[in-house]
Amino acid sequence: MVKRIELRLIGSLLCVLMASMSPSARAESTRPQESDYYRIVTITTSQASDSRAKNWKPAPDSLALEASGLAALDDSRLAVAIRKGEVWILSNVYDDPPSKVTYHRFASGLHEPLGLLLHQGSLLTMQRTEMTRLIDNDHDNTCDEYQTVATGWGVTGNYHEYAFGPEVDRTGNLWMTLNLGLGLKNDQKSLAITNSKLNVTQGLWRGWGMVVTPDGDLKPMCAGMRSPSGLGANLEGDVFYTDQQGNWVATNSLHQLRSGAFFHHPDSLASVEQPGSTIKPIDEIPDGVTFPEATKKLSILKPPAVWLPYKKVGQSATDIMVDGSDGKFGPFSGQLFVGEFTQSSINRVFLEKIDGEYQGACFPFREGFASAVLRLEQGNDGSVFVGLSNRGWSSLGPASYGLQRLVWTQKIPFEIKEMRAQPDGFELVFTKPVQHDSASKIGSFHLTSHTYRYHSQYGSDELQEQSHTIKSAEVSEDGLRVRLRIESLRELFVHSLNASGVRSADGEPLLHTNAYYTLNKIPASDR
Amino acid sequence: MRVHFTSILGSIIFVLGLTFFDCHVFADHPFVASYERFYATKEEPDELAGQVLLTELNCTACHPMDASLPSKGGPVITGSGNRFHRAWLRSYLSSPGQSKSGSTMPHLIHQLPESEREMALDALVAFLSNDPAVEPPIVASGANPVAHEFWLKGDAERGRSMYHQIGCVACHAIDDAFKPAKKTESDLERKIAALGLEIDELEEMGLAAPKKVKPVPMSRISDKYSLRSLSMFLIAPHVIRPAGRMPSLKLQPHEAADIAAYLFTSPTHSKPRNDNEKSTVNSSVQNASVDQSMIDAGKRYFEKLSCANCHPMAGIKPKMSKSMKELTLSLNSNGCLSESSKTTPRFGLSSKQVADITKAIESLKRKQLNSDPKKIALDQVTMMMMQLNCFACHERDGKGGVGPDQWAYFENVQQVDIGDEGRLPPPLDHVGRKLTRDWIQKVIEGKGEVRPHFLARMPIYADHSKALATAFVNADRIESTTSSAAKPNNQTSQAIQTAGRELFDSGCVQCHAFRGESLPGTIGIDLADVGTRIHREWFEAFLRNPASLKKNTRMPTFFPDGKSAVPQILDGDATRQIESLWAYLNAKDQPLPLKLEQSSSQSFELIPTDKPIIIRTFMDSSSAGTHAIAVGLPQQIHFAFDTKRLRLAEIWKGRFLNAQGTWFDRFAPAATPLGTNRITLPQESFALFDQDGNFQLVDTAPEKGQTEKQLENNLQKKFLGYRTDERGMPIFRYSIGRFLIEDRIQAHDDNGVKRRLKILTLGDGELKAREKLWLVIADDAIEVDQSGTVSTRSKLTVRTAEGIQTRLVQRQPATYWMVAMDDRVDGIEVVYQW
């Protein structure tokens, strides 16, 4: 037996020595990491605990910074709404390391505020029952007026009736989104309204997006939401929201908010005949057809600008943030970033307009946050504050709550920056010039497409998946663009690209090889 | 050159690790954990030892026996060529014991002519690569995060910690590179240390010492698996190995990925791969495709070598051999026990293993039916505990338990020293007497979690839960008590339960949790609903004398010499006290023990001291409802305002509110006032009078069938928010029709609430002339005395200042007392007392 061990030792030793000399050993060790380009700075995070436990409570004597709303105030201060109902103002938040952060309570006694917006010099927040302006009349840094900006939507007392926002659009409307209740009890039903034709019961305007106009009127705008926990505007001032996978919602999705649109969930149509409704009442809902079929059968149904394929691009989409830093946050200026609750990460979205409607692609961006990512806010220096709280569900990051900041390291990651639809394929725009050989080889790319089922069940599998033949890959002269010509693209299908064969001019692999384009419309001509 | 230097250094470390690996885990005969632990070094052949080998080496898969010795069965190997690296699979089939030290899989290929063997190995690998690999479904949900390609995202450092903390090391090798967070001495170590000795010295002195436990060998992980296939295996081992010897440790996908990453990089478990290989194997096993003729040939060999006897495969029937009782046993015969047989599998047995198996088979042949059911049950428990290696963690009747080298790796979350029972898996002595059959079954199925403070996890043995639970109950049941445990308890009166609550406060609360609440810093089993787990008889016996049922327990006796330590409760009668505790612990509707209630309140009870506390929350519909603002005043007089109906909804004295539900409960329960002296005000709040004296109530109670919207339409009313004054008192603002109103509510003396209502704007003059706004108090029996004070049936009295216009209106079913709102520039004042 001794002899056998010796032989094994010598063999292994040789093998290891050989490995250490092979060139690929070095390539492996320099494989790009997300942290090389975007660094997470922890301002504060809690201990781990069971976020679904019935008796969950924060550690005694600690400020439970379950960050549910963020607003950057100036070059030093950040306002943070927390779920227990307070707003805190943190100073010195840009310090790195953040060792001198101070905490000051600005407002309290709010009912689960789930958003915060600096608007016309004061903070706006969404409580369960109202949109509230927090005013400091005597300038002592503490709120002394809780002014009701809007109220009147249905609140039956069901826990799932979260209210999110506000977000301001290009005309000055303040948008909010209202969760559906889940499993209304009898006493809650008595506070709800019923559409007996569709057999749905919900509180008034639940599942709707509403606005408060600059004149102060509260108006319902669009419906079909299930759990719309994030709103955000792009640089043009169009406002978007994310929805979360569940009944009638095949996977997480991102939509442009606009009047008259219906997105997923029929429960919201409990309010469709109420005065002010922007949606024409319908008689029935198709249940169990594919999503492309559903859009034909149900004309009010508008496809999302972007589907976020389940697990591949998160499990529970939250906040939306546009990179408005003009390059201070890296090469993705003008793109949207979407928070991800369950996987404790952030995904990235590129949008383009085809025939007047937004559509585009999503990409994994950065993972590894300490808890569920609920809120994103870009700071004055371009870095991004990440508000964390996982209470009620679970997250990959084990902490219960906290605040982190994502800082660009000034290095450009090699990424697919944009994926643009073309009549016969896609155009990819990279953050850095590609190596011509690898990017012009069709074997460097793999493309499949799939759709979803529109049904009352929870989520949907990816259906009718199909591989597409890539006919050619042409690299532009500057090496930043690759034009893929692809056979038989399918409208209303998600097209999943894997470009793992592509290398940058420096020989780097892509930081993220996958992109997912929601091809609602194939453009008629080259753009 | 620097790179090379570190690589060489790494390889030296690796070689040291490898030496460690071989020394510790290498076994030159089949390794069956409990056999190694209890019998391998015993001199005398043992029948039970042989029986364990008969099932664990799958002897009875070919040699039929009665149901008492079922073969454990092998792994599901359909598609295993797509789970394992085919090179590993081929080398394993070629010589299992050499490829995996201690493998219980026999050598089979020698049964083929030598010239055929290489081809047969290729063919078998091809056949086993024909189907897709069997994998568990991974269902992602809000409660179960599953990152894309999670198996690539494992963190070896985290994996190493988990591996050493959740219980893997009870069976598998410890990595010396990992140090436990804190070395906690076991009770035995403490005693030995008190003698000035070390464990190793005990045996030298001829004393009975806890025996070291050899780890169950693993294959060289990275030779065999990809990160993906290993992660999938760790998430649901029973999918691949239905025998359940490797149990599920309830790993979430990312946890499995962490452990896989660790096992891949740890020199204790893997050899580092060269990087050319790594780039291909990290994500999945990428083996070349196979051709059909080889697949067909492989299937023929699979049948010929009777592989299906242990590895069920669709379309292939097992081939049975002589029954166990017909076997002739002789080492010289050409059977499975010999190492030279050319026609039967070779197991590579040690001579001791041969002797034990021989003894077991011989006694089986002349086996007489044991007539003592108790003995049968006890033997069955021991047998199952050996087969499933329960003994690796649990002691029973002095046998087994966590081995001395492993003690330090069992910790609780806060490293609190509460003795062995606060960190080591519990002993299973008389467990069938203690726990109900249902609960035992639940625990074995991984659903009965009462020790959340343990870092180690109770694994899942779902397929054995029923049999094992039944065996424990049959072995340990005390006949006379089962009936008394089932006896309905007719003494659960309120008084008895209240006594139980006081008793809990007087002792139990120092260590035990109750309904998820515990005193700060204490960790202990939650005693709520103990009757769903524990038999009444055991509960009483344990309370009377804990040490008699659990040696070294830190549970103190509260009844020394049978006398209660708390004589003032239930006359100190031990029997009645235990009765009352039992009743309280199993009651659903009793309040928390006072000390727990207080400790919970300390964090969450809102106690206004110098300033008012204002909190928006849900309240009951009979109170301020879904749009409530509750205000607690330092005078300990509090009120709730309904911002939807614009009315003072409830007033109370004493304690204010517990905010835990509002602040932190996912299900957002309605907040309930803590004070006992509560008054709910009537629904009606304002009335509008026209010039003809007709009035309309601004709000009415919702009637059945009336929709929210219809209510909203009653009158245009709008809550506008509140301001706080310099003392922090809220001033509510709202509008009704064209009236803008300011409403201040504050404490009046120390026994009431004073409300000042002021109309700020009245809209246009024409409307002012036509409409008058009145505040309304309604009750079904209002009386007004000479001073103008109104009494209602709910002990509430209301009055306003002299000179303010009031009127009394009867309109079925109530009487309405009304106060004119616009009589004074500085508003009207109304005082509520009760």
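Residues numbered from 1 in each chain as written. Chains lettered and ligands numbered in written order. Predicted model: local features only at pLDDT ≥ 70, side-chain atom pairs only at ≥ 80, totals over all residues.

**Section: the overall build of chain B**
The number of helices and strands found in chain B is 29 helices and 22 strands. The buried share among the 834 residues of chain B stands at 41%. Partitioning the contacts of chain B with sequence separation of at least 6, the portion at a separation of at least 24 is 65%. (Helix = DSSP H or I, 4+ residues; strand = E, 2+ residues; numbered from the N terminus. Buried ≥ 20, exposed ≤ 12 C-beta atoms within 10 Å, placed from the backbone. Contact = placed C-beta atoms within 7 Å.)

**Section: the sheet that holds strand β2 (residues 67-72) of chain A**
Residue and element names in this part refer to chain A. Reading across the sheet, the four strands line up as β2-β3-β4-β5 and stay open at both edges, with antiparallel pairing between neighbours. One side of each edge strand has no neighbouring strand; the edge strands of this open sheet are β2 and β5 (102-107). Geometrically, the sheet is characterised by an average inter-axis angle of 25° between neighbouring strands, direction not taken into account. One ladder, built from five bridges, connects β2 with strand β3 (residues 78-82); its direction is antiparallel. Residue pairing in the sheet places G69 in a bridge with A81 of β3. (Pairing = 2+ DSSP bridges. Axes fitted to C-alpha atoms, helices over the stretch in contact; angles between N-to-C directions.)

**Overview of the domain arrangement of chain A**
Residue and element names in this part refer to chain A. Looking at the assigned domains, one finds that chain A contains domain 1 (34-54 + 62-408) and domain 2 (415-519). A separation of 29 Å is found between the C-alpha centroids of domain 1 and domain 2. Taken together, the contact pairs 36 residues of domain 1 with 30 residues of domain 2. Elements represented by at least two residues in the side of domain 1 that touches domain 2 include exactly β19 (289-290), α4 (291-297), β20 (306-308), β23 (345-354) and β24 (357-366). Counting residues per element, the side of domain 1 that touches domain 2 draws most heavily on β24, which supplies six residues. Class assignment of the residues belonging to the side of domain 1 that touches domain 2 gives a composition of 23 nonpolar, nine polar and four charged. (Domains from an automatic or database assignment. Nonpolar A, V, L, I, M, F, W, Y, C, P; charged D, E, K, R; others polar.)

**Here we look at the packing of helix α7 (residues 156-165) of chain B against helix α13 (residues 253-265) of chain B**
Residues and elements named next belong to chain B. Packing of α7 against α13 brings their axes to within 7 Å, and their N-to-C directions diverge by 100°. By the criterion of interaxial angle, the relationship of α7 to α13 is roughly perpendicular. Contacts between α7 and α13 involve A156, R158, G159, R160, M162 and Y163 from the first element and E255, D258, I259, A260, A261, Y262 and T265 from the second. Here the contact of α7 with α13 is built from residues that sort into seven nonpolar, two polar and four charged. (Parallel < 35°, antiparallel > 145°, perpendicular 65-115°, else oblique.)

**Topic: the confidence of the model for chain A**
Summing up the model confidence of chain A, the mean pLDDT is 93 and the portion of residues at 70 or higher is 94%. Note on residues 1-29 of chain A: pLDDT under 50 across the span, and 32 contacts to partners over four residues away in sequence or across chains. (pLDDT = per-residue confidence, 0-100.)

**Topic: unusual backbone geometry**
Residue and element names in this part refer to chain A. Cis rather than trans, the peptide bond between D96 and P97 has omega equal to 0°. With respect to the helices, strands and loops of the structure, P97 is situated in the loop between β4 (86-91) and β5. At the junction of G165 and P166, the peptide bond is cis and its omega measures out at -10° in the coordinates. With respect to the secondary-structure elements, P166 resides in strand β10 (residues 163-168). Look at S344: it is not a glycine, yet its phi comes out positive at around 50°. Turning to its location among the elements, S344 is positioned in the loop between β22 (336-340) and β23.

**Some words on the sheet that holds strand β17 (residues 239-243) of chain A**
All names here are of chain A. Spatial ordering of the open sheet is given by β16-β17-β18-β20, a layout of four strands whose pairing is antiparallel. At either margin of the open sheet sits one strand with a lone partner, and together these are β16 (230-233) and β20. Direction aside, neighbouring strands of the sheet carry axes that sit 20° apart on average.

**Brief notes about the pairing of strand β28 (residues 416-422) of chain A**
Residue and element names in this part refer to chain A. For β28, the tally of buried residues reaches five of seven residues, placing the bulk of the element in the interior. One ladder, built from six bridges, connects β28 with strand β29 (residues 425-430); its direction is antiparallel. Bridging across to β29, M419 finds its partner in L428. Hairpin connection between β28 and β29: a loop of two residues separates the two successive antiparallel strands.

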